[in-house]
Amino acid sequence: MLAVLGMLAGAKVDRETMRQTLKKVLTDWNWADTWGWDYPMTAMTAARLGETEAAIDALLMETPKNHYLPNGHCYQRPDLPLYLPANGGLLYAVALMANGWKDAPKTAAPGFPANGKWIVRSDGFNPAIFRGI
């Protein structure tokens, strides 16, 4: 429900409806039962909506499924000790937040809070651009 504006550009998405969906997800999801890629997906959606504090909170959420082991794997459950979509999602979310996306605010690191607590530098990334939805 968040991917259409998180991973995709969401050209036809009603932003206020998505903002309400994001709020509902943040308050009502059972985060202990989610998958590792849900955190970066939530962060990307929040960033595109200008909810940059929520984007950071999603990436740093303290839950068992949002922890990376020293080898880089993201634990999901005993029979699935590594989960690589979480790794890729995290990397993509940080790149999107640092370098922007089509129609992003024309500011440095538009997906990060502009509260003076973040100093973000990136080099060589292109803004995230998706075709479609």
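The structure under discussion appears in the preceding block.
Treat the numbers as computed from the prediction; the structure is a model and nothing was measured. (Residues numbered from 1 in each chain as written. Predicted model: local features only at pLDDT ≥ 70, side-chain atom pairs only at ≥ 80, totals over all residues. Heavy atoms only, no water.)

A.B. asks: Would you explain the packing of aromatic side chains in this entry?
C.D. replies: By convention here, two paired aromatic rings are described through the distance between centres and the angle between planes. In this structure the tally under the stated criterion is three aromatic pairs. Summarising the aromatic geometry, the rings of W29 and W31 are spaced 5.1 Å apart at their centres and angled 55° between planes, so their arrangement reads as tilted. A relative accessible area of 27% places W29 in the partly exposed class. W31 gets classed as buried once you look at its relative accessible area, which sits at 9%. When the centroid spacing of 5.5 Å and the interplanar angle of 50° are considered together, the rings of F112 and W118 count as tilted. What makes W118 partly exposed here is its relative accessible area of 37%. (Phe/Tyr/Trp six-rings, centres within 6.5 Å; stacked < 30°, edge-to-face > 60°. Buried < 20%, exposed > 50% of the residue type's maximum accessible area, 1.4 Å probe, protein only.)

A.B. asks: Help me out: how do you make sense of helix 4 (residues 52–59) in this one?
C.D. replies: Residue pairs spaced three or four apart in an α-helix point in one direction, given the helix's 3.6 residues per turn. Judged by how many residues are buried, helix 4 sits mostly within the fold: six of eight residues are covered. On its buried face, helix 4 is in contact with helix 2 (15–28), helix 3 (38–48) and helix 5 (84–99). (Helix = DSSP H or I, 4+ residues; strand = E, 2+ residues; numbered from the N terminus. Contact = heavy atoms within 4.5 Å.)

A.B. asks: Would you mind going over the nonpolar core with me for this structure?
C.D. replies: Soluble globular proteins tend to pack their nonpolar side chains together in the buried interior. Of all hydrophobic cores here, the largest spans 29 residues; its most connected members are L96 and M97. When residues of this core are traced back to their parent elements, those giving at least two are helix 2, helix 3, helix 4 and helix 5. Top element by residues in this core is helix 3. It accounts for six residues. The residues contacting M97, other than those within four sequence positions of it, are A43, A47, A55, I56, L59, A109, P110, G111 and F112. (Core = buried A, V, L, I, M, F, W, Y, C linked by side-chain atoms within 4.5 Å.)

A.B. asks: What is the right way to read helix 2 from this model?
C.D. replies: Over its 14 residues, helix 2 extends 20 Å from the first C-alpha to the last, a length consistent with the 20 Å expected when each residue adds 1.5 Å. Every buried residue of helix 2 is listed here: M18, R19, L22 and V25. The buried side chains of helix 2 occupy one side of the element, clustering within an arc of 125° when seen end-on. Projecting away from the buried face of helix 2 at angles above 90 degrees are the exposed residues K24 and T27. Those residues of helix 2 hidden inside the fold are in contact with helix 1 (3–6) and helix 3. (Expected span 1.5 Å × (residues − 1). Arc of directions from axis to C-beta.)

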